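# Observations on the three-dimensional arrangement
Here's the letter readout for the chains.
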Amino acid sequence: KNKAFRSFCVQFICENPFFESERSEEFYIYKTIPKLNGNFTFPGVFSQRIASGTVFCAGSAACEPIFFIDTGTAGGKLTVSNKTTREKISIDYTAMPNELITLDVKKRTVTSSLGKDLTNLLSDDSFFDGFTLIPGENELEAQSDTADTGICVVCRFRPLYREAAV
């Protein structure tokens, strides 16, 4: 009966306006380069295996990956690069052989299977902000500063989409 109405404004702030895929995508980052050309064969493999490869992000927005780096017999200091976006993350830490390093871009952390938090050991020219996988193909590479190429890298991410598909 004698009710007063007032107009008001509500502001909603969305930290991340994108929709995240329910399913994670995983890619092994490696490339095999044949060292012999021709029609002959040998009983052994003559090729070089490097930690480089193409990752396809099916989303419509850039997403932040997680890298699982098994140093194998390599050890040494590690660098992960996205050649497509020209971004890289380097860790000023000499990894032990067979150590597993988890580089989580979304959570902004670097951890070791030896129980160490390596986040504060990012090199001065490395930043989590801006290291993303863009929609489409991304050329990724992982390097160790040792001569051994036994490094194994898995890239895991959830594609982001600008709108929901119903």
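Let me sum up the structure you'll find in this document. For clarity, every value in this text was computed on a predicted model and none was experimentally measured.

In this section: the overall build of the protein. Scanning the protein from N- to C-terminus turns up zero helices and 13 strands. For the protein, the sequential pattern of α-helices and β-strands runs β-β-β-β-β-β-β-β-β-β-β-β-β. Among the 166 residues that make up the protein, the fraction classed as buried is 34%. For the protein, the exposed area adds up to about 11100 Å²; of that, 52% sits on carbon and sulfur atoms.

This part takes up the pattern of salt bridges. One pass over the structure, following the stated rule, counts seven salt bridges. Close ionic contact of lysine 106 with glutamate 20 constitutes a salt bridge, the shortest N to O distance being 2.7 Å. Taken together, the positions of lysine 106 in the loop between β9 (100–104) and β10 (109–112) and glutamate 20 in strand β1 (residues 19–20) put the pair 86 residues apart, joining distant regions of the chain. A relative accessible area of 49% places lysine 106 in the partly exposed class. A relative accessible area of 38% places glutamate 20 in the partly exposed class. Measuring nitrogen to oxygen at the nearest pair gives 3.3 Å for the salt bridge that ties glutamate 25 to arginine 23. By relative accessible area, arginine 23 is classed as exposed at 58%. Ionic contacts of the salt-bridge type, sharing partners, join the residues Glu20, Lys106 and Arg158 into one network.

Within strand β7 (residues 76–82), six of the seven residues are buried, which leaves it mostly tucked inside the rest of the structure. Sheet topology places β7 next to strand β8 (residues 87–95); six bridges connect them, and they run antiparallel. Looking at β8, one finds that valine 80 is bridged to isoleucine 89. Counted between consecutive antiparallel strands, the loop separating β7 from β8 contains four residues, among which arginine 86 sits at a positive phi close to 60°. Where β7 meets strand β11 (residues 136–144), five bridges bridge the pair, whose relative direction is antiparallel. Opposite leucine 78, over in β11, you have serine 144 as the bridge partner.

Judged by nonpolar contacts, the single largest core of 30 residues is most densely connected at Phe67, Ile69, Ile101, Leu103, Val110, Leu133 and Val153. Of all the secondary structure elements, the ones that give two or more residues to this core are β5 (52–57), β6 (66–70), β7, β8, β9, β11 and β12 (152–157). If we skip the residues at most four places from it in the chain, valine 110 touches Ile91, Ile101, Thr102, Leu103, Lys116, Asp117, Leu118, Thr119, Leu122 and Phe128.

What follows concerns the sheet that holds β5. Strand pairing in a sheet relies on backbone hydrogen bonds, with the paired strands running either antiparallel or parallel. An order of β5-β11-β7-β8 is seen for the four strands of this open sheet, with the pairing classed as antiparallel. Two strands lie at the open edges of the sheet, namely β5 and β8, each paired on one side alone. Neighbouring strand axes in the sheet, compared pairwise and without regard to direction, differ in orientation by 20° on average.

Turning our eyes to something else, we now look at the layout of surface pockets. Over the atoms rolls a probe the size of a water molecule, and in doing so it shows where empty space is left. If you add up the space inside the largest pocket, you get close to 300 Å³. What lines the largest pocket is a set of 17 residues, and nearest its centre among them are Glu20, Cys63, Glu64, Lys106 and Arg158.

All right, on to the pairing of β6 then. Residues Phe67 and Ile69 point to one face of β6 and are all buried, whereas Ile66, Phe68 and Asp70, pointing to the other face, are not buried. Pairing of β6 with β12, which is carried by five bridges, proceeds in the antiparallel orientation. What sits directly across from phenylalanine 68, in β12, is valine 154.

About the cut-offs
Residues numbered from 1 in each chain as written. Predicted model: local features only at pLDDT ≥ 70, side-chain atom pairs only at ≥ 80, totals over all residues. Heavy atoms only, no water. Helix = DSSP H or I, 4+ residues; strand = E, 2+ residues; numbered from the N terminus. Buried < 20%, exposed > 50% of the residue type's maximum accessible area, 1.4 Å probe, protein only. Areas by Shrake-Rupley, 256 points an atom, 1.4 Å probe, with all protein chains shown as cover. Salt bridge = Lys/Arg side-chain N within 4 Å of Asp/Glu carboxyl O. Pairing = 2+ DSSP bridges. Core = buried A, V, L, I, M, F, W, Y, C linked by side-chain atoms within 4.5 Å. Contact = heavy atoms within 4.5 Å. Axes fitted to C-alpha atoms, helices over the stretch in contact; angles between N-to-C directions. 1 Å grid on protein atoms, 1.4 Å probe; cavity = no way out; pocket = protein on both sides within 12 Å on 5 of 7 lines; lining within 4 Å. Points joined across faces, edges and corners; volume = space filled by probe spheres on them.

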